[in-house]
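Chain residues, written in single-letter form:
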Amino acid sequence: MEQFLFTFFNAEIAARYWPDILRGMGVTVLLSLAVIGTGLLLGLLLAVLRATGKRGLVFMVVAFADVMRALPPLILIIVLFFAFPYIDLAMSSFTATWLALSLVLAAYAEESIWAGIAALPRGQSEAARSTGLSWGQTMGAVILPQALRMAVPALTNRVISITKNTALGSVVALSEILNTAQAASSNAGNPTPLMLGAAAYLLIFIPVVLFARWLETRWRWKR
């Protein structure tokens, strides 16, 4: 047991590298918030464009969603960071990770929101239009509020899943939790910093999971 604690929970090494892990936590939280904000807004926009029913727009939205959901996020990050400089579109590791994960989240968000829109009876939009509301007013005041409420369970689970992928930023040397913990473990010759990294992820994502559970209960769709 003493050897186990010395190897994985070394207090001296933990005290030395905990400030580095805290800085990595800051990067992870900032990146997660950026991905959630951008991904959900873009997904909402794409779902609304799909709801217009225009063939060209519908085809492009569906193609985007299918491609982004099929590609591993790691591949997107690598392409954005290493390949785009060849076409004069160089970006930082933070930007590449943020953009890749935002596109993936947008694809899943679009599908979830669109499923909510499609599940609503057509009569609701027809009734709203018959009162004199425009298509945009009907979508904003009648359809989307209900569709978003129906999409909450799927969206919360997907948001948690994708934001945990911020760890993939370590591949392009983003100084988030995992990359910082790995570097610290290499320097210390001890896995204790990785245990600190695991604790940092729990500190960030357990509240998120609990909030998602509360949100699902609070916004549970009742027919």
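So, how was this worked out
- Residues numbered from 1 in each chain as written.
- Predicted model: local features only at pLDDT ≥ 70, side-chain atom pairs only at ≥ 80, totals over all residues.
- Heavy atoms only, no water.
- UniProt positions renumbered as here; feature names shortened; annotations may be inferred.
- Helix = DSSP H or I, 4+ residues; strand = E, 2+ residues; numbered from the N terminus.
- Buried < 20%, exposed > 50% of the residue type's maximum accessible area, 1.4 Å probe, protein only.
- Contact = heavy atoms within 4.5 Å.
- Expected span 1.5 Å × (residues − 1).
- Bend = angle between axes of the 7 residues up to and from the residue.
- Polar contact = N/O pair within 3.5 Å; in protein donor to acceptor, adjacent residues only side chain to side chain.
- Patch = residues over 30% accessible without salt bridge, like charges linked within 9 Å, V, L, I, M, F, W, Y side chains within 5 Å.
- Areas by Shrake-Rupley, 256 points an atom, 1.4 Å probe, with all protein chains shown as cover.
- Salt bridge = Lys/Arg side-chain N within 4 Å of Asp/Glu carboxyl O.

**Comments concerning the UniProt feature "domain: ABC transmembrane type-1" (unreviewed entry) in the chain**
Residues given the UniProt feature "domain: ABC transmembrane type-1" (unreviewed entry) here are residues 25-215. Counting secondary structure, residues 25-215 comes out at 81% helix and 0% strand; the distance between its end C-alpha atoms is 24 Å.

**Quick word on the UniProt feature "transmembrane region" (unreviewed entry) in the chain**
As annotated by UniProt and renumbered to match this structure, "transmembrane region" (unreviewed entry) occupies residues 27-49, 56-83 and 194-215. The span residues 56-83 is 93% helical and 0% strand by assignment, and the distance between its end C-alpha atoms comes to 29 Å. Along residues 194-215, the helical share is 100% and the strand share 0%, with 31 Å between the first and last C-alpha atoms.

**So, the side chain of T138**
By secondary structure assignment, the location of T138 is in helix α7 (residues 135-163). You can call T138 buried: its relative accessible area is 3%. Leave out the neighbours within four places in its chain, and T138 touches S125, A128, R129, L133 and I143.

**Focus on helix α2 (residues 11-51)**
Here α2 spans 56 Å end to end across 41 residues, near enough to the 60 Å set by a 1.5 Å rise per residue. Roughly 45 degrees is the biggest bend found in α2, and it falls at Y17, with proline P19 one to four residues downstream. A side-chain oxygen of the first residue of α2 lies 3.1 Å from the backbone nitrogen of E12; this N-cap is N10. Directly after α2, the chain includes G53, whose backbone phi takes a positive value near 80 degrees.

**As for helix α8 (residues 177-188)**
Owing to its 3.6 residues per turn, the α-helix aligns residues three or four sequence positions apart on the same side. With 12 residues, α8 should cover 16 Å at 1.5 Å per step; its first-to-last C-alpha distance of 16 Å lies within 8% of that length. The complete set of buried residues in α8 reads I177, N179, T180, A181, A184 and S185. On its buried face, α8 sits against α2 and α9 (192-218). The opening residue of α8, the one whose side-chain oxygen lies 2.9 Å from the backbone nitrogen of L178, is E176. Note on α8: the residue one or two positions beyond its end, G189, has a positive phi of about 65 degrees.

**Looking at a nonpolar patch on the surface**
Among the surface-exposed residues, M1, F4, L5, F8, F9, L194 and M195 lie close enough to one another that they form a single nonpolar patch of about 670 Å² accessible area. Contributions of two or more residues to the nonpolar patch are made by α1 (2-8) and α9. With a relative accessible area of 31%, F8 lands in the partly exposed category.

**Description of the pattern of salt bridges**
Enumeration according to the criterion identifies seven salt bridges in this entry. The shortest N-O distance in the salt bridge between D66 and R69 comes to 3.2 Å. In this pair, D66 and R69 are both assigned in helix α3 (residues 55-70), three residues apart and thus about one turn of the helix distant. Residue class for D66 comes out partly exposed when judged on its relative accessible area of 38%.

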